[in-house]
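# Chain and residue survey
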Amino acid sequence: MGGLAKGLSIIESFSAKRPKLSVSEAALASGASPAAARRCLLTLQELGFVTYDGKYFHPTPRMSRLAFGYTSMPLPALAQAHLDTVRNQTGKSSSLAVLEDGYAVFVARSETDQLVSTAVRLGSRLAAHTSSNGRILLAALDDDQLDAHLRNLRPVPPPHKAGPASRDRALVRRRVLEARACGYSYSDEELEYGVRTLAVPVRDSRGTILAAMSVSAFANQVSIKSLIDKDLGILLRASKNLGNML
């Protein structure tokens, strides 16, 4: 089944930042040899999952079928109505993310008519320590697990003023512990210039944090204080209502 593993790794290499891949780029991103990457891409092309323009391979709409199995699972499916409620009550895009291998993976989203973030899409993976959602998810780890994560912290080039916050282990740990203590986390243009976010945990009936729910808005339209004052209560109610169903 090695070929399947390589093919899935190449599929995961496509992203919002990498909407097309050459054979060499696919090999580098997936860890496969160029020959293996080429075979996988040609197979995906034959199956209709990608197209080829002579240099780059591009995903087709058929690729979205691969995500359907998960998005139809209980958590994303149950979350959608609550995310829609948050969007309608706040006027801001809302998202749900889960933790996977040190990344915040966005599994459900409710968009406003006005696109706020280019970094967050359904299926997007963000290094957990760089986002408000991710810090909420890291706050669910016990101290030993958190320390192990921080030892393997992946440096992330700052897009704006994220600078030390994205690479300083002590600062990341402090912000995660702050999120654990106060029950929310915010991002002030740290991940993406001009975007502010606020996130809260989603707990199941046993109190276990399963996901993080957030809103995002343009920085020139809302302050962090306004996000907390006006939207935190709405987020907390929605996350509690979702958690009561889990």
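## Digging into helix H7 (residues 143–151)
Looking at H7, one finds that the buried residues are Leu146, His149 and Leu150. Down the axis of H7, the sector holding all buried residues measures 95 degrees, keeping them to one side. Exposed side chains of H7 directed beyond 90 degrees from the buried face belong to Asp144 and Arg151.

## What to know about the side chain of Ser185
Within the secondary structure layout, Ser185 lies in strand S6 (residues 185–188). Given the relative accessible area of 4%, Ser185 is considered buried. Within the local environment of Ser185, its side chain forms a polar contact with the side chain of Arg135, the two groups lying 3.2 Å apart. Those residues within four positions of Ser185 in sequence are excluded, and the remaining contacts are Ser132, Arg135, Ile136, Ala179, Thr197, Leu198 and Ala199.

## Quick word on the confidence of the model for the chain
Mean pLDDT for the chain: 86, with 89% of residues reaching 70 or above. Ranking the elements of the chain by mean pLDDT puts helix H4 (residues 65–71) last with 63 and helix H6 (residues 132–139) first with 96. Low pLDDT, under 50, characterises residues 160–165; the stretch is placed with 10 contacts to residues that sit more than four places away or in other chains.

## With respect to the pairing of S6
Bridge analysis of S6 against strand S7 (residues 195–203) gives 4 bridges, and the strand direction is antiparallel. Looking at S7, one finds that Asp188 is bridged to Arg196. Hairpin connection of S6 to S7: 6 residues between the antiparallel strands, including Glu189 at a positive phi of 60 degrees.

## Considerations on H6
Side chains of residues three or four places apart in an α-helix project in the same direction, reflecting 3.6 residues per turn. For H6, the tally of buried residues reaches 8 of 8 residues, placing the bulk of the element in the interior. Within the span of H6, buried status applies to Ser132, Asn133, Gly134, Arg135, Ile136, Leu137, Leu138 and Ala139.

## Concerning the environment of Glu25
Along the chain, Glu25 falls in helix H2 (residues 23–30). When neighbours within four sequence positions are excluded, Glu25 is seen to be in contact with Lys20 and Tyr56.

What counts and what doesn't
Residues numbered from 1 in each chain as written. Predicted model: local features only at pLDDT ≥ 70, side-chain atom pairs only at ≥ 80, totals over all residues. Heavy atoms only, no water. Buried < 20%, exposed > 50% of the residue type's maximum accessible area, 1.4 Å probe, protein only. Helix = DSSP H or I, 4+ residues; strand = E, 2+ residues; numbered from the N terminus. Arc of directions from axis to C-beta. Polar contact = N/O pair within 3.5 Å; in protein donor to acceptor, adjacent residues only side chain to side chain. Contact = heavy atoms within 4.5 Å. pLDDT = per-residue confidence, 0-100. Pairing = 2+ DSSP bridges.

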